[in-house]
Amino acid sequence: MKFVDEYRDPAAARRVVEHISALAADDHFKFMEVCGGHTHTIYRHGIEHVLPESVELVHGPGCPVCVIPMGRIDDAIAVAETPGVIFTSFGDMMRVPGGHGNLLEAKARGADVRMVYSPLDALRVAVENPDRDVVFFAVGFETTAPSTALTLLKARADGVRNFRVYCNHVTIVPPIKAILESPDLRLDGFLGPGHVSTVVGNRPYRFVSEVYGKPLVTAGFEPLDVLQAIAMLLTQIRDGRCEIENQYTRVVRDEGNPRALEVLAEVFELRPHFEWRGLGFISQSALKLRPEFADWDAELHYAVPGVRVADPKACQCGEVLKGVIKPWECKVFGTACTPETPIGTCMVSSEGACAAYYNFGRLHREVAVSMGRARVTAG
């Protein structure tokens with residue numbers, strides 16, 4: 001891809017929307033965009049408002065910050081407040097609430113918590129502070145896990161022994177399976193995650209069509225990418241096909257990135273189970289460090305509470321992550337829960353569905369509701 005404008009061409013978008021409308025006709029289709037990046041594209045560019053009413057989009061558990069349970073945040077805070085520790089984290093994770101506040105509040109209490117842009121930044125902090133332990137809060141799907149793996153390989157090669165990783169990397173396939181087996185939701189297909197697929201490829205999704213009989217189209221992140229992927233899903237359904245297709249061909253390959261997969265296999269292994277916010281415990285859905293990297297494993301080095309913490313009763317992040325409700329249907333959305341005062345993770349993360357609705361969709365929703373009321377009154 002040389003340009004972005006070609007993927008935001010209004011005339012081309014109108015043609016695709018017309019094609020979608022013709023394919024959908026009077027039937028109703030519900031598709032899930034797994035990735036939070038797609039959710040933000042949909043609302044930043046108003047895609048939901050140009051689609052026909054017969055095509056509904058719901059949001060899945062593809063935001064890595066959003067799916068981390070509160071107990072893991074409390075464990076991170078416990079590590080951060082350990083004397084002598086410098087705790088490093090991406091910016092989003094510093095605002096995610098646990099049962100005992102968040103990392104920014106721990107910093108205000110005196111913990112040495114620092115924002116970094118990559119695990120290599122955290123390793124650099126460790127090299128510059130040889131008398132301190134430096135812990136990196138590793139989060140993300142297979143998209144970001146290779147960078148953590150490469151950093152650990154560099155730490156081992158360079159003999160940096162005061163660097164550790166608190167690993168919360170998760171994998172994409174098990175939650176998709178959990179969604180498909182959920183009795184709460186019936187879907188007609190999936191917009192597959194583009195970023196994760198650059199690493200794992202399209203082959204891991206074959207079970208979606210072969211076992212569950214649902215089509216999946218891996219999509220890019222520009223408006224025309226999303227629209228074209230929806231058209232591809234509808235075309236499959238109208239043709240009586242059920243396949244795994246790739247709209248994001250300029251980046252994603254079926255086999256993924258072999259070198260990145262090799263690095264992941266060298267450094268990580270699957271956890272027997274891991275708790276996901278909204279989905280509960282899912283087997284083999286997260287990564288942990290292999291025994292060869294035990295010296296760099298923060299979970300083995302520090303005492304953490306390890307207590308499961310229930311979400312606030314007012315917060316419905318779990319239902320949002322499963323696509324059961326839309327963010328504006330949560331009773332605290334936009335009132336008690338805002339980006340400035342978040343109650344749940346979906347309002348914190350830059351990829352969270354609630355943040356997308358609040359920043360890009362809330363006004364449109366209010367206008368739509370007011371226009372609906374006006375039509376009822378006029379009728």
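Placed above this text is the structure.
Since this is a predicted model, take the numbers as computed values, not measurements. (Residues numbered from 1 in each chain as written. Predicted model: local features only at pLDDT ≥ 70, side-chain atom pairs only at ≥ 80, totals over all residues. Heavy atoms only, no water.)

Next up on the list: the overall build of the protein chain. Scanning the protein chain from terminus to terminus reveals 15 helices and 13 strands. The C-alpha atoms of the protein chain give a radius of gyration of 21 Å, which matches the 21 Å a tight globule of 379 residues would have. Across the 379 residues in the protein chain, those meeting the buried criterion constitute 55%. Within the protein chain, contacts between residues separated by at least 24 positions form 77% of all contacts whose residues are at least 6 apart in sequence. (Helix = DSSP H or I, 4+ residues; strand = E, 2+ residues; numbered from the N terminus. Rg over C-alpha atoms; globule rule 2.2 N^0.38 Å. Buried < 20%, exposed > 50% of the residue type's maximum accessible area, 1.4 Å probe, protein only. Contact = heavy atoms within 4.5 Å.)

Further remarks concern helix H1 (residues 10-24). Given a rise of 1.5 Å per residue, 15 residues ought to cover 21 Å, and the 21 Å separating the end C-alpha atoms of H1 matches this to within 8%. Residues of H1 that are buried make contact with strand S1 (29-35), helix H3 (47-50), strand S2 (55-62) and helix H11 (223-239). Phi turns positive one or two residues past the end of H1, at Ala25, with a value near 55 degrees. (Expected span 1.5 Å × (residues − 1).)

A few words on the packing of aromatic side chains. Pairs of aromatic rings are described using the distance from one ring centre to the other and the angle between the two planes. The final tally for this structure, using the stated rule, is 8 aromatic pairs. Pairing Phe29 with Phe31 gives two aromatic rings, centres 6.2 Å apart and planes at 15 degrees, and the pair type is stacked. What makes Phe29 buried here is its relative accessible area of 6%. (Phe/Tyr/Trp six-rings, centres within 6.5 Å; stacked < 30°, edge-to-face > 60°.)

Take Ile86: it is sitting in strand S3 (residues 85-89). Residue Ile86 is classed as buried on the basis of its relative accessible area, which comes to 0%. Distance in space between the C-alpha atoms of Ile86 and Ala122 is 9.2 Å, their sequence separation being 36 residues. Excluding residues within four positions of it along the chain, Ile86 makes contact with Asp112, Arg114, Val125, Asn129, Arg132, Asp133, Val134 and Val135.

With that out of the way, let us pick up helix H12 (residues 258-267). Three or more residues of H12 are buried, namely Ala260, Val263, Leu264 and Val267. Down the axis of H12, the sector holding all buried residues measures 100 degrees, keeping them to one side. If you follow the buried residues of H12, they end up packed against helix H7 (145-158), helix H9 (194-200), strand S10 (268-270) and strand S13 (287-289). (Arc of directions from axis to C-beta.)

One open sheet accounts for 5 strands, arranged S2-S1-S7-S8-S9; its pairing is parallel. Across the chains shown, the open sheet's two edge strands, defined by having one partner strand only, are S2 and strand S9 (244-246). Looking at each pair of strands side by side, their axes are set apart by 25 degrees on average, direction ignored. Pairing geometry for S1 and S2, over 6 bridges, is parallel. Note on S2: the bridge partner recorded for Phe29 is Val55. Taken strand by strand, H11 contacts S1, S2, strand S7 (189-192), strand S8 (216-218) and S9, and its axis lies near 135 degrees from that of S1. (Pairing = 2+ DSSP bridges. Axes fitted to C-alpha atoms, helices over the stretch in contact; angles between N-to-C directions.)

Taken in spatial order, the 4 strands line up as S4-S3-S5-S6 in an open sheet, and their pairing is parallel. The open sheet has two edge strands with one neighbour each: strand S4 (112-115) and strand S6 (163-169). Adjacent strand axes in the sheet meet at a mean angle of 25 degrees, parallel and antiparallel pairs treated alike. Pairing between S3 and S4: 4 bridges, direction parallel. Residue pairing in the sheet places Ile86 in a bridge with Asp112 of S4. Here H7 sits on the sheet and contacts strand S5 (133-140) and S6; the angle it forms with S6, its principal contact strand, is near 160 degrees.

Right, let's get into the pairing of strand S11 (residues 273-276). The side chains of a regular strand alternate, residue by residue, between the two faces of the sheet. Two strands pair when backbone bridges link them, and S11 and strand S12 (residues 280-283) are joined in this way by 4 bridges, in the antiparallel orientation. Each residue of the ladder has a partner; that of His273, found in S12, is Ser283. In this antiparallel pair of consecutive strands, S11 and S12, the connection spans 3 residues, and Gly278 shows a positive phi of 90 degrees.

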